[in-house]
Amino acid sequence: MTTIAILTGYALFMLALITFIIRRQVKEGPFKVRRAVVLPAAMLAAGLFADHAMWHRLSTPLAITMLVVGLLVGAATGVIRARTMTVWRTASGVITRGDRRTVIWWIASFALRIVIMVAAGALGAAEGFGEAMLFAGVTFGVQSLVLARRAGMLGGRPLPVVADRDRVAA
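Cut-offs applied
Residues numbered from 1 in each chain as written. Predicted model: local features only at pLDDT ≥ 70, side-chain atom pairs only at ≥ 80, totals over all residues. Heavy atoms only, no water. Pairing = 2+ DSSP bridges. Helix = DSSP H or I, 4+ residues; strand = E, 2+ residues; numbered from the N terminus. Buried < 20%, exposed > 50% of the residue type's maximum accessible area, 1.4 Å probe, protein only. Contact = heavy atoms within 4.5 Å. Polar contact = N/O pair within 3.5 Å; in protein donor to acceptor, adjacent residues only side chain to side chain. pLDDT = per-residue confidence, 0-100.

> Break down the sheet that holds strand β2 (residues 86–90) for me, citing the residues and quoting the values.
In any sheet, the strands associate via hydrogen bonds between backbone groups, in a parallel or an antiparallel arrangement. Sheet architecture is open: 3 strands sit in the order β1-β3-β2, paired in antiparallel fashion. The open sheet has two edge strands, β1 (29–30) and β2, and neither has a second partner. By the bridge criterion, 5 bridges tie β2 to strand β3 (residues 93–97) in an arrangement that is antiparallel. Each bridged residue has a counterpart across the sheet, and for Val87 the counterpart in β3 is Thr96.

As structure tokens, this is what we get:
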């Protein structure tokens, strides 16, 4: 298989995965703590352990700075996306639903990640799979933390239980 074919396959897989993720975020559904923890943890683990070359790439102050910038951007966009989502509690649990602003901020998250990657490469601090997975893990993790906090799952006042059709934005 040629490099172009491999990269094309990888790009198509990533596009399908991104579409799936955004669709699930916009669709009304239960907020499951397990999913909220496992997905970011798996992404962080993949970033830390699957890309052995990342540790070599992070050998300069510039590379570390670009990684930190990426993680801060990931955290910020995670907070913003979570704030665009409606959160309410029913008898069956916490429910979330995004809207078009959630989609816009997902697209912005990916666009900003690409800008950071291109900027890092242009400055001589190439990034790879590991940095991208750390970004994804942080942005998902922070979004989940904000949603859990808004739902009252991390202390504070829990949302009132409402009937399935009586939605309240938290």
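That shown, we press on.
> So, the environment of Thr77: which residues are in play, and what are the values?
Relative to the helices and strands, Thr77 resides in helix α4 (residues 61–83). On the basis of relative accessible area, Thr77 is assigned to the buried category, the value being 2%. For the pair Thr77 and Pro160, spaced 83 residues apart in sequence, the C-alpha to C-alpha distance is 27 Å. Apart from residues no more than four positions distant in its own chain, Thr77 is found in contact with Trp105, Ser109, Leu112 and Thr139. Reaching out from Thr77, the side chain makes a polar contact with the backbone oxygen of Gly74 at a distance of 3.1 Å.

> Kindly report on the confidence of the model for the chain, identifying the contributing residues and their values.
Residues of the chain with pLDDT of at least 70 account for 94%, and the chain-wide mean is 88. Taking the mean pLDDT of every element in the chain, the minimum, 79, falls on helix α1 (residues 3–26) and the maximum, 97, on α4.

> With reference to specific residues and values, describe the pairing of β3.
Counting buried positions along β3 yields 4 of 5 residues, so the element is predominantly enclosed. Relative to β3, β1 runs antiparallel, the two being bridged by 2 bridges. Residue Gly29 lies in a different strand from β3, and its bridge partner there is Thr96. What sits between β2 and β3 in their antiparallel hairpin is a turn of 2 residues.

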